[in-house]
Amino acid sequence: QVQLVESGGGLVQAGGSLRLSCAASGSIFSINAMGWFRQAPGKQRELVAVITSAGSTNYGDSVEGRFTISRDNAKKTVYLQMNSLKPEDTAVYYCHAPEVRTYWGGPQRELWGQGTLVTVSS
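To keep things clear, this report deals only with the structure shown in the data block. This is a predicted model, so every value here is computed, not measured. (Residues numbered from 1 in each chain as written. Predicted model: local features only at pLDDT ≥ 70, side-chain atom pairs only at ≥ 80, totals over all residues. Heavy atoms only, no water.)

It is worth spelling out the sheet that holds strand β8 (residues 67–72) at this point. If you walk across this open sheet you meet the 4 strands as β1-β3-β9-β8, and the pairing is antiparallel. Two strands lie at the open edges of the sheet, namely β1 (3–7) and β8, each paired on one side alone. Along the sheet, successive strands turn relative to each other by an average axial angle of 15°, direction set aside. When strand β3 (residues 18–25) meets strand β9 (residues 77–82), the two strands line up antiparallel, connected through 6 bridges. Residue Ser21 lies in a different strand from β9, and its bridge partner there is Tyr79. (Pairing = 2+ DSSP bridges. Helix = DSSP H or I, 4+ residues; strand = E, 2+ residues; numbered from the N terminus. Axes fitted to C-alpha atoms, helices over the stretch in contact; angles between N-to-C directions.)

Here it is as structure tokens:
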């Protein structure tokens, strides 16, 4: 079974920091881009950050300059370093991998993590 497992969420005060991790497990041949999305109650899911297999990154406007996405290809893990956290950052954060192959020449599958809750208090 191939899956993404997030960790690192929790409760933090405004201005603090957290680092989220997302590890891909199972039989995986290749992973292209990976990213983070988030969703707060009553709001649409929004893009937080994306990183390509080569290391190029893009960020949502609301987190630009505060969050940093990175990855360790050997560990098949993507990270999200969150600094200067605001109450508006409170949400469930989901790891995303839109193009995953489990064998050479096989179809590209889309994977989502189960989500990890980040709560930022005032």
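This part takes up the side chain of Arg71. For Arg71, the position within the fold is in strand β8. A distance of 2.8 Å separates a polar side-chain atom of Arg71 from the backbone oxygen of Asn32. In terms of polar contacts, Arg71 uses its side chain to reach the backbone carbonyl oxygen of Thr52, at 3.1 Å. Excluding residues that lie within four positions of it along the chain, Arg71 makes contacts with Ile31, Asn32, Ala33, Met34, Ile51, Thr52, Ser53, Thr77, Val78 and Tyr79. (Polar contact = N/O pair within 3.5 Å; in protein donor to acceptor, adjacent residues only side chain to side chain. Contact = heavy atoms within 4.5 Å.)

Counting 30 residues, the largest nonpolar core has Trp36, Leu80, Met82 and Tyr93 as its most contacted members. Counting residues per element, the ones that place at least two in this core are β3, β5 (34–39), β6 (46–51), β8, β9, β10 (91–101) and β12 (116–121). Ranked by residue count, the leading element in this core is β10, at 5 residues. For Met82, the contacting residues outside a window of four places in its chain are Gly16, Ser17, Leu18, Leu20, Arg66, Phe67, Tyr93 and Val118. (Core = buried A, V, L, I, M, F, W, Y, C linked by side-chain atoms within 4.5 Å. Buried < 20%, exposed > 50% of the residue type's maximum accessible area, 1.4 Å probe, protein only.)

In this section: the state of the cysteines. Disulfide: a covalent bond connecting the sulfur atoms of a pair of cysteines. With the rule as written, the count across this model stands at 1 disulfide. Across the disulfide, Cys22 is cross-linked to Cys95 (sulfur-sulfur distance 2.1 Å). Residues Cys22 and Cys95 share a disulfide whose torsion about the S-S bond is about -85°; that sign makes it left-handed. Remark: Cys95 occurs in strand β10 and Cys22 occurs in strand β3; sequence separation between them is 73 residues. Both residues of the pair, Cys22 and Cys95, belong to the buried class. (Disulfide = S-S within 2.5 Å.)

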